[in-house]
Amino acid sequence: MLLLERGANIEEVNDEGYTPLMEAAREGTRPGQLEAPLTLAACGGHVELAMLLLERGANIEEVNDEGYTPLMEAAREGHEEMVALLLGQGASINAQTDETQETALTLACCGGFLEVADFLIKAGADAELGASTPLMEASQEGHLELVRYLLNAGADVHAQTQTGDTALTYACENGHTDVAELLLRAGAELEHESEGGRTPLMKACRAGHVCTVQFLVGKVSHRDLELPGADVHTQTQTGDTALTYACENGHTDVAELLLRAGAELEHESRVNTNE
């Protein structure tokens, strides 16, 4: 205040392109980004500063170069109090980015912020929006309790991306066996084929996730649910199998598991894609 009283320029820009207000707002946020003060305050969880900015007319829906609104940034960083403030001030809860249709909820789920996700859903967030749904995001990152919460909240376990991937696909591809098991018990399709005819087993084999492969080829039994192991003979549109992917990527332990489960050693794919 003393500097201002003595004529300091509040809009003066430093070597990084920041005004004093922007410097104050960006404390604790990611470096190297030129953002609006409200976005920076939201990202850093500075509730009082955000309130001050809103009172001074800051645009609550302004997007940054990633297409994120202040609410999205707050959700992505797990700042529940900031999310509550912004929603209370009228932020659009289901706003989406242009390219990937991300929302505040998908970003919260990607980060594993259960409390923020719960707050958003109870405030009316749509749990099926996004190129990847909140359930897919949580499954891909292995956030087990968040996946459980979303399923209990009615998230669609069968939802697909444009390439046909599902929450189960992502869980298996990233080796999150406990999440895969939870999704299967919620009704996920074990033999679902995404783009190119790749099953969850194939995705796990290609990535070399031994525990996930072992789980998938075994029998899944729970209460009234009993599934046979994943089919090791299924072929893609180019004739590849789970064993093909394991061998192509040098996953010997996975290949041994598949052979013990009955995979055909002499099978040849029609086209070796090496994808």
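Here is what the cut-offs are and how they apply
- Residues numbered from 1 in each chain as written.
- Predicted model: local features only at pLDDT ≥ 70, side-chain atom pairs only at ≥ 80, totals over all residues.
- Heavy atoms only, no water.
- Helix = DSSP H or I, 4+ residues; strand = E, 2+ residues; numbered from the N terminus.
- Contact = heavy atoms within 4.5 Å.
- Areas by Shrake-Rupley, 256 points an atom, 1.4 Å probe, with all protein chains shown as cover.
- pLDDT = per-residue confidence, 0-100.
- Buried < 20%, exposed > 50% of the residue type's maximum accessible area, 1.4 Å probe, protein only.
- Patch = residues over 30% accessible without salt bridge, like charges linked within 9 Å, V, L, I, M, F, W, Y side chains within 5 Å.
- Salt bridge = Lys/Arg side-chain N within 4 Å of Asp/Glu carboxyl O.
- Lys, Arg positive; Asp, Glu negative; His and termini not counted.
- Charge placed at Lys NZ, Arg CZ, Asp CG, Glu CD.
- Phe/Tyr/Trp six-rings, centres within 6.5 Å; stacked < 30°, edge-to-face > 60°.
- Lys NZ or Arg CZ within 6 Å of the ring centre and 35° of its normal.
- Disulfide = S-S within 2.5 Å.
- Axes fitted to C-alpha atoms, helices over the stretch in contact; angles between N-to-C directions.
- Parallel < 35°, antiparallel > 145°, perpendicular 65-115°, else oblique.
- Left-handed = near helix turned anticlockwise from the far one by under 90°.
- Core = buried A, V, L, I, M, F, W, Y, C linked by side-chain atoms within 4.5 Å.
- Arc of directions from axis to C-beta.
- Nonpolar A, V, L, I, M, F, W, Y, C, P; charged D, E, K, R; others polar.
- Polar contact = N/O pair within 3.5 Å; in protein donor to acceptor, adjacent residues only side chain to side chain.

Digging into the overall build of the chain
At step 1: A count of helices and strands for the chain gives 16 helices and two strands.
At step 2: The contacts of the chain with a sequence gap of at least 6 include a subset with a gap of at least 24, amounting to 62%.
At step 3: Carbon and sulfur atoms make up 47% of the accessible area of the chain, which totals about 13700 Å².

Points about the confidence of the model for the chain
At step 1: With 81% of its residues at a pLDDT of 70 or more, the chain shows a mean pLDDT of 86.
At step 2: Here residues 1–5 is a poorly scored stretch, pLDDT under 50, and it has two contacts once near neighbours within four places are set aside; other chains count.
At step 3: Under a pLDDT of 50 for its full length, residues 269–275 has, in the predicted model, 18 contacts with residues more than four places off or in other chains.

Notes on helix H9 (residues 134–141)
At step 1: Most of H9 sits out of view: six of its eight residues are buried.
At step 2: On its buried side, H9 packs onto helix H7 (104–111), helix H10 (144–152), helix H11 (167–173) and helix H12 (177–185).
At step 3: One or two positions beyond H9, positive phi appears at Gly142, with a value near 80°.

Description of a negative patch on the surface
At step 1: Residues Glu48, Glu80, Glu81 and Glu115 make up a contiguous surface patch of negative charge.
At step 2: Examined against the element boundaries, Glu48 turns out to sit in helix H4 (residues 47–55).
At step 3: For Glu48, a relative accessible area of 72% puts it in the exposed group.

Overview of the packing of aromatic side chains
At step 1: Going through the model one piece at a time under the given rule, you end up with zero aromatic pairs.
At step 2: One cation-aromatic arrangement involves Arg206 over Tyr245; the distance from NZ or CZ to the ring centre is 5.5 Å.

A short note on the state of the cysteines
At step 1: With the rule as written, the count across this model stands at zero disulfides.
At step 2: Of all cysteine sulfurs in the structure, the one in Cys205 sits closest to Cys247, which takes part in no disulfide; the separation is 9.5 Å.

Section: the pattern of salt bridges
At step 1: Within the structure shown, the criterion is met by seven salt bridges.
At step 2: A salt bridge links Asp165 to Lys203; the shortest N-O distance between them is 3.4 Å. Here Lys203 lies in helix H13 (residues 200–207) and Asp165 lies in the loop between H10 and H11, a separation of 38 residues in the sequence. Of the two residues, Asp165 and Lys203, both sit in the buried class.
At step 3: Several salt bridges share partner residues, and in doing so they unite Glu66, Glu73 and Arg76 into one network.

Details of the packing of H10 against H12
At step 1: The geometry of H10 relative to H12 is characterised by a closest axis approach of 9 Å and an angle of 15° between their N-to-C directions. In terms of axis orientation, H10 runs roughly parallel to H12. Classified by chirality, the crossing of H12 by H10 is right-handed. Judged by residue contacts, Leu144, Val147, Arg148 and Leu151 of H10 engage Asp178, Val179, Leu182 and Leu183 from H12.

Things to note about the nonpolar core
At step 1: Counting residues in hydrophobic clusters, the biggest one holds 68 residues, and the most contacted among them are Leu86, Leu120, Leu135, Leu183, Leu201, Leu216 and Leu258.
At step 2: In contact with Leu258, other than residues within four places in its own chain, are Leu201, Cys205, Val213, Val217, Val232, Ala242, Leu243, Ala246 and Ala263.

Quick word on helix H14 (residues 210–217)
Residues spaced three or four apart along an α-helix face the same direction, because each turn holds 3.6 residues.
At step 1: If you check which residues of H14 are buried, you get Thr212, Val213, Phe215 and Leu216. When H14 is viewed along its axis, its buried side chains cluster within an angular range of 160° and face the same direction.

Here we look at the packing of helix H3 (residues 37–44) against H4
At step 1: One can describe the packing of H3 onto H4 by two numbers: an axis separation of 8 Å at closest approach and a directional angle of 155°. The orientation of H3 with respect to H4, classified from their angle, is roughly antiparallel. Both H3 and H4 take part in a crossing whose hand is left-handed. For the pair H3 and H4, the contacting residues are Pro37, Leu38 and Ala41 in the first and Leu49, Ala50, Leu53 and Leu54 in the second.
At step 2: The class makeup of the residues in the contact of H3 with H4 is seven nonpolar, no polar and no charged.

A look at the side chain of Glu73
At step 1: The residue Glu73 is located in helix H5 (residues 70–76) in this model.
At step 2: Judged by its relative accessible area of 0%, Glu73 falls in the buried class.
At step 3: A polar side-chain atom of Glu73 sits 2.8 Å from a polar atom in the side chain of Asn64.
At step 4: Within the local environment of Glu73, its side chain forms a polar contact with the side chain of Arg76, the two groups lying 3.2 Å apart.

Quick word on the side chain of Thr106
At step 1: Here Thr106 lies in helix H7.
At step 2: What makes Thr106 buried here is its relative accessible area of 2%.
At step 3: At 2.8 Å, the side chain of Thr106 and the backbone nitrogen of Thr103 are in polar contact.
At step 4: Setting aside anything within four residues of it in sequence, one finds Thr106 in contact with Leu129, Ser132, Thr133, Pro134 and Glu137.

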